[in-house]
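Coordinate analysis (summary)
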Amino acid sequence: MKYEELKNITDSVRHGDKAAMTLAWKRLDSLAKPPRSLGVLEETAAKLAGVTGEVKNRIERRRIIVMAADNGVTDEGVSSAPRSVTLTQTKNILHGITGVCALAKAFNAEVEVVDVGIDGDVSDPSIINRKLMRGTDNIRKTAAMSRQTAIDAIAVGIERAKQAKADGMDAIGTGEMGIGNTTTSSAVLAALTGLSAEDITGRGAGMTDSAYENKKRIIREALAVNKPDAGDVIDVLAKVGGLDIAAMTGLFIGAAAERMPVVVDGFISIVAALSAARLCPAAVDYMFLSHASYEIGYNAAAEALGLKPFMLLEMRLGEGSGCPMGFMIMDAACAVISDIATFAEASISDEYLDAISEGDCFSVDK
């Protein structure tokens, strides 16, 4: 994909349908219950209306798309796990025996795995082979990838979102598998926000104090060596990012282009979401945050997006493991707006609401 083609896609994305959201809130406020008493579920139902243009929705078919890739920065000892785990765990996802697979099965979601840059070959026919590199280069010494490779990775994500829509999916979730990707995500987040490595870098999959200090040092050095341009997201992704992050960035853009809701998993996923938002601001209207990652940089990314997560579960597994629960919250939101009777349907007078809405104890402003 050429940059001009990517720009045409991002420019074509429309914001959520405000008229549909207004109609959704009108119905929600007519339901036989205290006004706004279902909180985030009502907000989610209204946002889904903005995504689809329909007041009542169902999220029956959903797919978690896992972008798998290796990161050259693992040469610097930034992870407690060896690089080979990316290949092994990718195979395990294909076999249905990892965290995301167990949760997806429990909550009725498909899992798709895309090889966008594993340092190894996967012979399983169920994997989507879109390998661009056998792992990125070491960002402490040089750029992770070329600018064109970053664009190509974004294009992979856009393609997979488009295919999900063609396959009849009602929503997608974003996942990743790649040892070292909390380091690249922290570097991208620092570059995009101007925050320091100390402010946004967590321990990832777990490491000693000395290894943690080394990780932050490597991020600082990577930013100093590569000098990513905060005003150019593709430059940031190419210089200090990862193929998985770039591909997930494309997933968010592709979902928005297809007017399909997309669920954000944890830290790596939300950094990709922020990257997508910087490239395509309207894409935020299609994003739903599943859970607040235990990684310290998550809140900074969520604040930059202006979004709030559904849940606080102290999770930091990755893989897209938060997405199945996110789908369940969306299911609940759809049930609220579709299946609760209105005051008229329930033969209840709603005159008492006038006093509630006029009082100080319960505001229904939205």
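1. With respect to the overall build of the chain
Looking only at helices and strands, one finds 15 helices and six strands in the chain. In summary, the chain has a C-alpha radius of gyration of 21 Å against a globular reference of 21 Å for 366 residues, a match within 12%. Viewed in the frame of its principal axes, the chain has a C-alpha envelope of about 70 × 45 × 40 Å. Each of the 366 residues in the chain was classed as buried or not, and the buried ones make up 56%. Considering only intrachain contacts with a sequence separation of at least 6, the fraction spanning at least 24 residues in the chain is 76%. With the model as given, the accessible surface of the chain reaches about 14800 Å², and the carbon-plus-sulfur share is 51%. Across the chain, the 38 positively charged side chains and the 49 negatively charged ones have centroids separated by 3 Å.

2. Remarks on the sheet that holds strand 1 (residues 62-69)
If you trace the six strands from one edge of the open sheet to the other, you get 3-2-1-4-5-6, paired in parallel fashion. This sheet does not close on itself; its edge strands, each paired only once, are strand 3 (128-129) and strand 6 (287-289). In this structure, strand 4 (residues 171-177) lies alongside strand 5 (residues 262-264), joined through two bridges in parallel fashion. Counted as the bridge partner of Gly173 is Val263 from strand 5. In the packing of helix 11 (residues 243-257) onto the sheet, contacts are made with strand 1, strand 2 (110-117), strand 4, strand 5 and strand 6, and the angle to strand 4 comes to roughly 175°. Taken strand by strand, helix 12 (residues 267-279) contacts strand 4, strand 5 and strand 6, and its axis lies near 150° from that of strand 6.

3. Looking at the confidence of the model for the chain
The predicted model of the chain has a mean per-residue pLDDT of 94, with 95% of residues at 70 or higher. Scored below 50 in pLDDT, residues 361-366 shows ten contacts in the model against residues more than four places distant or in partner chains.

4. Quick word on the packing of helix 11 against helix 12
It is at 8 Å that the axes of helix 11 and helix 12 come closest, and there the two elements cross at 60°. One way to sum up the angle between helix 11 and helix 12 is to call them oblique. Every pair of crossing elements has a handedness; the one defined by helix 11 and helix 12 is right-handed. Judged by residue contacts, Ile245, Met248, Thr249, Phe252 and Ile253 of helix 11 engage Ile268, Ser269, Ala272, Ala273, Ser275, Ala276 and Leu279 from helix 12. Partitioned by chemical class, the residues of the contact of helix 11 with helix 12 number nine nonpolar, three polar and no charged.

What counts, and at which threshold
Residues numbered from 1 in each chain as written. Predicted model: local features only at pLDDT ≥ 70, side-chain atom pairs only at ≥ 80, totals over all residues. Heavy atoms only, no water. Helix = DSSP H or I, 4+ residues; strand = E, 2+ residues; numbered from the N terminus. Rg over C-alpha atoms; globule rule 2.2 N^0.38 Å. Buried < 20%, exposed > 50% of the residue type's maximum accessible area, 1.4 Å probe, protein only. Contact = heavy atoms within 4.5 Å. Areas by Shrake-Rupley, 256 points an atom, 1.4 Å probe, with all protein chains shown as cover. Lys, Arg positive; Asp, Glu negative; His and termini not counted. Charge placed at Lys NZ, Arg CZ, Asp CG, Glu CD. Pairing = 2+ DSSP bridges. Axes fitted to C-alpha atoms, helices over the stretch in contact; angles between N-to-C directions. pLDDT = per-residue confidence, 0-100. Parallel < 35°, antiparallel > 145°, perpendicular 65-115°, else oblique. Left-handed = near helix turned anticlockwise from the far one by under 90°. Nonpolar A, V, L, I, M, F, W, Y, C, P; charged D, E, K, R; others polar.

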